Amino acid sequence: MAGGTAFLPVEAAKQAGAVDVLFYGEVGISVLVSLIVACLVVGFVTRYRRGSPASRRKLPQAFSHEVEIIWTVGTFFAFVAIFWWAATLNLIHLRPPDHTLDIRVVAKQWMWKIEQPNGVREIDAMHLPVDTPVRLIMTSQDVIHSFYVSAFRAKQDVVPGRVETLWFTPDRIGTYQLLCAEYCGLGHSLMRGEITVMSKADYARWCARMKAAAQVKTARNGEAP
Amino acid sequence: MTDIPFQSLPEAPRAPATVKSYLDEGHTLASWLFTTDHKRIAILYAIGITIFFFIGGFAAMLIRIQLLTPNGTIVSPELYNRIFTIHGIVMVWFFLVPSIPTTMGNFFLPLMIGARDVAFPRLNIISFWIFFLGALFTVVCIVSGGVDTGWTFYTPYSTLYSNGHVIAAAIGIFIVGFSSIATGVNFLTTVHTMRTEGMTWFRLPLFVWAMYATSFVMVLATPVLAASLLMIVAERALGMPLFNPHNGGDPILFQHLFWFYSHPAVYIMILPAMGVVSEVIPCFARRVIFGYRFMVYAMMMIALIGFSVWGHHMFVSGQSPFANIYFSFLSFMVAVPSAIKVFNWSASLFRGSITLEAPMFYALGFVGLFTIGGLTGLMLASVPVDIDLTDTYFVVAHFHYIMVGGSVSAFFAGLHYWWPKITGKLYNERAARLAALLMFIGFNLTFFPQFILGWAGMPRRYATYPPEFQLWHVASSLGAAVLALAYIMPLFYLGWSLYRGGKASANPWHATGLEWQTASPPPKDNFAVPPRVTHGPYFYHADNDPSQPTKNAS
């Protein structure tokens, strides 16, 4: 795991920054609203505790209706605004760019099988070049799993009988944790893997080396009786 | 509320002192087990859900002990999976869904509308037995055979891959569903047909409105749960390929059906809590509830919109991205009436004359914790944030803030508020306040660290976990120990009050609901003479409040 703390988890993909701005923005709004409610409750309980000298006159009749309408409409527009922010962020990242590095992922109880574009295979590990849009083409052989890389703020359920895609652009070299996020039985919590993001040159060298190793292995197997 | 004229407090038709209370109408076991008195049925339910609460709570303690260390402290992953399953199933279906409606709803709905009983007393006792036997059967199946699917029963894991007594558990929950439907039908009919003279719709206490909205959801949503559980049995027992993709089934179909029930079920759990809090806050603030009609409309809107937000559980399931946007929008909309309610509860304190007895402590705790639960719900309704946070501890923390911080706090608020009426005894106020305080602190210590865990990337339902998450798991487990103590305390001081508690008067809190205008505990037929209602339910203004010294009125 590269960097990051519990409060500020590492961002390692292009979209992650925008998601975090939305998240921290919503945290800010939530803290503000919670504080307002807490101040109102604690303030009123203190000011209007039994026996305090504060005024207890009745409120004018119209007051309640006006206040209700103001905060209903206010809340409505505030929520629509937050929805708008979240929805646009979601929609602009919906379509991957035209040219992506396509990697095939097959999930099964309890492992991730990865196939690079050049045919190199990995288990519970995935090597990726930095700053390159990656598209995962995923399916499951048995139950529903979920491909989850927190550092990329990316998650997609992997469903048997369906092909699901997920795309992101890693932008930080390092190793990141891959976890299964959909409960899938006995080995669910051990269905972990490692994503290694390398420089483009390192990735090219790694691909070539693995490809050669795989060919040697295939050739040897071919010679065997 | 403001358009309802406030007249002088009517002469309460009190039962003569010689009338026997419902507790004295027969002391045999059969007089309890086969009773048709809504108040006795409420007590039976209360005993039932208390048993299930502590079974579910015991499972929760095992979970928190297991997660003290990254590689699992006490049990194997196999057993851990069964433990979180039993925790979820028992707490959702055998505690939270029935909790407030079947106990306080059964006891007080007829009293609050001035009725002698519910509309169908025999259906009421039958629904208790369906609930209790169905739930007991399910728990025995899970404990003996082990079910490891989680309470959500996601397919095709539950139908093709899981070992254990999935079929039996599904049948048990299927059966318990009938009890929910029967209770819903009973309450709807009671509210429609049995309101006493003068009890117009807009004079109903908000607790009654909450029961009414909840009953609608129960009646309309529960059949869908039954249908989806039946499909699990059909695939698992008969091999019908309903969800198995290799024979043309659709694994996602189950999630749609399941959440079509289980999201409205969240409102079955929280609407009654809102009702309880709306009774408690005006009483201890000595103030009319702020915006009564808006409170009613808000509850009905929550019940209604609640049926169209289920897809927000499925943002990463592979459903259409535009479906995600649709469900996201409606999830924001269902939060509007919830926010209005929080503002109204806060505003009800304005110009009050507030005292902080235990019920008020719990009710104010509810307002705070529900607010945090609701706001984190908005984050989860935002698609990009949810993609990161769904199936992590952030979601676990969020729904525990709503269900434990919200519903369970409200349950305790109602329990303490109405305890003198139900039992005729006064509990120890000091012990109750201490328990309320411990519950609030313990709850936050347990579940706030889980927000941090989720944001740091810790998935749900992990028997073992990467070591960097340990600090927050330990914090959460320590909080759970405090919470457990706070939940055990009421057993002792409430139990003690039954034997040694002072005798409660008919109206120890000087509350204005009809339920306080009969003896404590009430006679079997509730009221000697059916009461007549001439004003709204919250008659607490300082200038006509009998509990108030006059110097505060101006």
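Residues numbered from 1 in each chain as written. Chains lettered and ligands numbered in written order. Predicted model: local features only at pLDDT ≥ 70, side-chain atom pairs only at ≥ 80, totals over all residues. Heavy atoms only, no water.

## Regarding the interface of chain A and chain B
At the junction of the two partners, chain A supplies 80 residues and chain B supplies 92 residues. Note on chain A versus chain B: buried area summed over both sides is about 7,700 Å², and carbon and sulfur give 66% of it. When the area that chain A buries against chain B is broken down by residue, the three leading residues are Arg50(A), Arg56(A) and Tyr183(A), summing to 10%. Counting the contacts that link chain A with chain B gives one salt bridge. A salt bridge links Asp250(B) to Arg162(A); the nearest nitrogen and oxygen atoms lie 3.5 Å apart. In this assembly, chain A and chain B are joined by 19 residue pairs in polar contact (both at pLDDT 80 or more). For the side of chain A that touches chain B, the secondary structure elements donating two or more residues are helix H1 (14–47), helix H2 (61–92), strand S7 (154–158) and strand S9 (174–180) of chain A. Per element, the largest residue contribution to the side of chain A that touches chain B is 20 residues, and it comes from H2(A). Tallied by class, residues from the side of chain A that touches chain B come to 44 nonpolar, 20 polar and 16 charged. (Contact = heavy atoms within 4.5 Å. Buried area = accessible area lost by both parts, 1.4 Å probe. Salt bridge = Lys/Arg side-chain N within 4 Å of Asp/Glu carboxyl O. Polar contact = N/O pair within 3.5 Å; in protein donor to acceptor, adjacent residues only side chain to side chain. Helix = DSSP H or I, 4+ residues; strand = E, 2+ residues; numbered from the N terminus. Nonpolar A, V, L, I, M, F, W, Y, C, P; charged D, E, K, R; others polar.)

## Notes on empty space enclosed by the protein
In this approach a probe as big as a water molecule rolls over the atoms, and the regions it shows empty are the leftover space. All names here are of chain B. Taken as a whole and judged by the stated rule, the model has five cavities of 30 Å³ or more. Elements with a contribution of two residues or more to the lining of the second largest cavity: helix H3 (77–112), helix H6 (166–193) and helix H7 (206–238). Among the elements that make up the lining of the second largest cavity, the one with the highest residue count is H6 (six residues). Grouping the constituent residues of the lining of the second largest cavity by class yields nine nonpolar, six polar and no charged. (1 Å grid on protein atoms, 1.4 Å probe; cavity = no way out; pocket = protein on both sides within 12 Å on 5 of 7 lines; lining within 4 Å. Points joined across faces, edges and corners; volume = space filled by probe spheres on them.)

## Considerations on the pattern of salt bridges
Residues and elements named next belong to chain A. Throughout the structure, instances matching the rule amount to eleven salt bridges over all chains. For Asp20, the salt bridge is made with Arg153, and the minimal N-O distance between the two is 2.7 Å. Linking Asp20 in helix H1 with Arg153 in the loop between strand S6 (145–149) and S7, this pair joins segments that are 133 residues apart in sequence. The two residues Asp20 and Arg153 agree in class, both being buried. (Buried < 20%, exposed > 50% of the residue type's maximum accessible area, 1.4 Å probe, protein only.)

## Looking at the nonpolar core
Among the nonpolar cores identified, the biggest contains 237 residues, and Phe147(A), Phe152(A), Trp93(B), Phe94(B), Phe153(B) and Trp345(B) are the most heavily contacted of them. Here this core gets 21 residues from one element, more than from any other, and that element is helix H8 (residues 251–285) of chain B. Residues contacting Phe153(B), with those up to four places away along its chain left out, are Ile89(B), Trp93(B), Val147(B), Ser158(B), Val166(B), Ala169(B), Ile173(B), Leu229(B), Ile232(B) and Phe254(B). Listed in part, the 14 residues of the second largest apolar core include Ala87(A), Phe332(B), Ile340(B) and Leu375(B). (Core = buried A, V, L, I, M, F, W, Y, C linked by side-chain atoms within 4.5 Å.)

## Regarding the sheet that holds strand S1 (residues 101–108) of chain A
Within a sheet, neighbouring strands are paired by backbone hydrogen bonds and run either parallel or antiparallel to one another. Residue and element names in this part refer to chain A. The five strands are arranged S3-S2-S1-S5-S8 in an open sheet whose pairing can be described as mixed. Of all the strands in the sheet, the pair left with one neighbour each is strand S3 (121–123) and strand S8 (164–168). Ignoring strand direction, the axes of neighbouring strands in this sheet form an average angle of 25 degrees. Relative to S3, strand S2 (residues 111–115) is paired through three bridges, and the arrangement is antiparallel. The residue bridging Lys113 from the neighbouring strand is Ile123, located in S3. (Pairing = 2+ DSSP bridges. Axes fitted to C-alpha atoms, helices over the stretch in contact; angles between N-to-C directions.)

## Examining the domain arrangement of chain A
All names here are of chain A. The assigned domain composition of chain A is domain 1 (14–92) and domain 2 (101–221). Relative to domain 2, the C-alpha centre of domain 1 lies at a distance of 43 Å. Across the contact, five residues belong to domain 1 and eight residues belong to domain 2. Carbon and sulfur atoms make up 42% of the surface buried where domain 1 meets domain 2, a total of about 520 Å² over both sides. Considering only the side of domain 1, the residues that lose the most area to domain 2 are Lys14, Gln15 and Ala16, jointly responsible for 77% of the buried surface there. Inspection of the domain 1/domain 2 interface yields two salt bridges. The partner of Lys14 in a salt bridge is Asp131, with the nearest N and O atoms 3.9 Å apart. (Domains from an automatic or database assignment.)

## Observations regarding helix H9 (residues 292–305) of chain B
Residues and elements named next belong to chain B. Counted at 1.5 Å a residue, the expected span for H9 with its 14 residues is 20 Å, and the 20 Å between its end C-alpha atoms agrees. Among the residues of H9, those classed as buried are Tyr292, Met295, Val296, Ala298, Met299, Ile302, Ala303 and Ile305. If you follow the buried residues of H9, they end up packed against H7, H8 and helix H10 (321–348). (Expected span 1.5 Å × (residues − 1).)

## Here we look at the sheet that holds strand S4 (residues 125–129) of chain A
All names here are of chain A. Taken in spatial order, the five strands line up as S4-S10-S9-S6-S7 in an open sheet, and their pairing is mixed. Sheet topology places S4 and S7 at the edges, where each strand pairs with a single neighbour. Adjacent strand axes in the sheet meet at a mean angle of 20 degrees when their direction is disregarded. Where S6 meets S9, two bridges bridge the pair, whose relative direction is antiparallel. Looking at S9, one finds that Phe147 is bridged to Cys180.

## Describing the state of the cysteines
All names here are of chain A. Tallied over the full model, the rule gives zero disulfides over all chains. Between Cys184, a cysteine without a disulfide, and Cys180, which holds the nearest cysteine sulfur, the sulfur-to-sulfur distance is 3.9 Å. For Cys184, a relative accessible area of 0% puts it in the buried group. (Disulfide = S-S within 2.5 Å.)

## Describing the packing of aromatic side chains
One pass over the full model with this rule turns up 70 aromatic pairs over all chains. Ring geometry for Tyr362(B) and Phe412(B): centres 5.7 Å apart, planes at 20 degrees, overall stacked. In this pair, Tyr362(B) sits in helix H11 (residues 358–381) while Phe412(B) sits in helix H13 (residues 393–423), placing the two residues 50 residues apart along the sequence. For the pair shown, Tyr362(B) and Phe412(B) are each scored as buried. These aromatic residues form a ring-pair network of at least three members: Phe23(A), Tyr24(A), Phe394(B), Tyr401(B), Phe443(B), Phe447(B), Phe448(B), Phe451(B) and Trp455(B). Just above the ring of Trp455(B) sits the side chain of Arg153(A); from NZ or CZ to the centre is 5.0 Å. The positively charged end of Arg40(B) is found above the aromatic ring belonging to Trp32(B), 4.1 Å away from the centroid. (Phe/Tyr/Trp six-rings, centres within 6.5 Å; stacked < 30°, edge-to-face > 60°. Lys NZ or Arg CZ within 6 Å of the ring centre and 35° of its normal.)

## Observations concerning unusual backbone geometry
Residues and elements named next belong to chain B. For the peptide bond that leads from Thr155 to Pro156, omega is -5 degrees, which places it in the cis range. Among the secondary structure elements, Pro156 is positioned in the loop between helix H4 (121–145) and helix H5 (157–161). The peptide bond linking Ser520 to Pro521 adopts the cis configuration, its omega dihedral lying at -10 degrees. For Pro521, the location among the structural elements is in the segment after helix H15 (470–500). With a phi close to 55 degrees, Phe153 is a non-glycine residue in the positive phi region.

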